[in-house]
Every structure is written in structure tokens, then in C-alpha cells.
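Commentary on secondary and tertiary structure
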Amino acid sequence: MRPFSKDFYLQDTTSVARQLIGATLVRRTAKGVLSGTIVETEAYISRDPANHAFRGKTNRNRSMFGPPGRAYVYSIHRYHCLNLVTQPEGVAEAVLIRSVEPLEGISVMQRNRKTDQLRLLTVGPGRLCQAFAIDRTLDGANLADGDLVVLKGTPCTEIECTTRVGVTAGKELPLRFFARDCLFVSPPRSRK
DNA sequence: CTACCGATTGACT
DNA sequence: GTCAATCGGTAGA
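So, here is what we can say about the structure in this document. What you see as residue numbers is a count from 1 along each chain, following the sequence as written. Ligands are numbered from 1 and chains lettered from A, in the order in which they are written. Reporting in this predicted model follows two pLDDT cut-offs: at least 70 for local features of residues, and 80 or more for side-chain atom pairs to be given and counted; totals over whole chains, interfaces and linings ignore these cut-offs and use all residues. Excluding hydrogens and water, the side-chain values take into account all heavy atoms of the structure.

**Section: unusual backbone geometry**
- Of note in the backbone geometry, A133 takes a positive phi value of approximately 55° without being a glycine.
- Note on conventions: DSSP H or I runs of at least 4 residues are helices, E runs of at least 2 residues are strands, and numbering of each starts at the N terminus. Secondary-structure assignment places A133 in the loop between α4 (125–131) and β6 (148–151).
- Under the relative-accessibility criterion, A133 is labelled partly exposed at 31%.
- Of note in this structure, D181 is not a glycine but carries a positive phi near 65°.
- Mapped onto the elements, D181 comes out in the segment after β8 (176–179). Buried residues are those whose accessible area, probed at 1.4 Å on protein chains only, stays under 20% of the maximum for their type, while exposed residues exceed 50% and partly exposed ones sit between those limits.

**Some remarks on the environment of L10**
- With respect to the helices, strands and loops of the structure, L10 is situated in the segment before α1 (13–19).
- By relative accessible area, which is 34% here, L10 ends up partly exposed.
- Residues L10 and T157, spaced 147 residues apart in sequence, show a C-alpha to C-alpha distance of 21 Å.
- Note on contacts: a residue pair qualifies if any of its non-hydrogen atoms lie within 4.5 Å across the two residues. Excluding its chain neighbours within four sequence positions, the residues that come into contact with L10 are P68, Q87 and P88.

Structure representation (C-alpha cells):
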């Protein structure tokens, strides 16, 4: 499998969010390689009050304004969340990775998360970052090579679309995508 | 400097 | 279903 091209991340952000279902997230750490299949994403677009960049550039969201195909990692409460930056430099849009299905390195993920329950390992944006040891040091990382990589997988054909989870603004926008009938998708598993 | 708050999670009724 | 722990980012004085 190969990483996505820069052009992939220049497509419409909702389209990128949809196409990322089925892709593979790979994290290389000192303890070994961790990987999983992306099964749930959310798009954050320009005219979107839930977007961290809605009110302009700050130190925290700067990588959203940078080139496409990089990571935007932010912290919330005591967790981190991983986004993939889309659109040309200067346009702040991104795709939040909400859940993956574990592939490699499950024992390391279990140690990182302090649980052996498979579903609690990587379901939810904060949990998956903890399992994959993703924090602000990976903010701005190039997703085509390095310690955090996104590879083309087998595109998923059974994709559902709903409103996003947890947002207080822009809650009516249908910008959440997930693999139908997948067990590794966070709670609001259906609805339109 | 202080005050407020969330793209979350885990514990609990 | 409800609720609060917890903390960096942000805005405002």
C-alpha cells in the first residue's frame, strides 16, 4: 500500500472524509508498528462554526492553514485528537479521524490504553490517539512518510453519513462518515 | 494576569 | 440516561 498523493488532500474535504474510510493509519514507535483501518471520520470545513479555524489563525490551529497531507493534532480535556489537513495552504479545512479498527500492534495499544477490551482501544478520537501514542509533537507531521502515515486501503463501499458527534455548533451539518455495520464505530451508529 | 470552555471520556443512576 | 474530571487554548481586563 502507498500513501495518498497531495492531490488527494486537495479534493473537496467532505469527499476526502468519505474516501478515507477503509484507508490505513500507521504509527511507528520505539515499541513497534501500530496500524488500523479508518472506519469513522468527520469533515471540518471553512464555513463551519465548529471548525477551530472559524475565527482565524491561532498558535493552536496553525497547521490547519499549512499545506495539505499533514497532521493537525490538538488536545481537549486530557486527550488528543488527530486530523488530516486538506485544501491548499491558507485554507483551513481538515478531516477528524474518529475511529479505527486495530490491525497491528494490539498488545502495545492495550498497554497504552490500560485496557484489553478491543472496542475501547481505538473507538473515539481521544482513545485512538492514546492507543497510537499520538500527541502534539506530531502536529504538522507529513502523512506521506515518517512516524505517522496514512496509506490507501481498500475503499469502503458501504458508507453512512450523519451529523457529527459532540459538536455544539454546526450540529445540523451532515459531515460524519462511517463504515456501515462496523463494530468499531462510536456510539451514534445510525440516524440521519 | 484571571475566567471560561470544549471536535472527550469514564463513572455512575 | 446524567455528570464531572481535567487542562491547554483563547479572550478579555
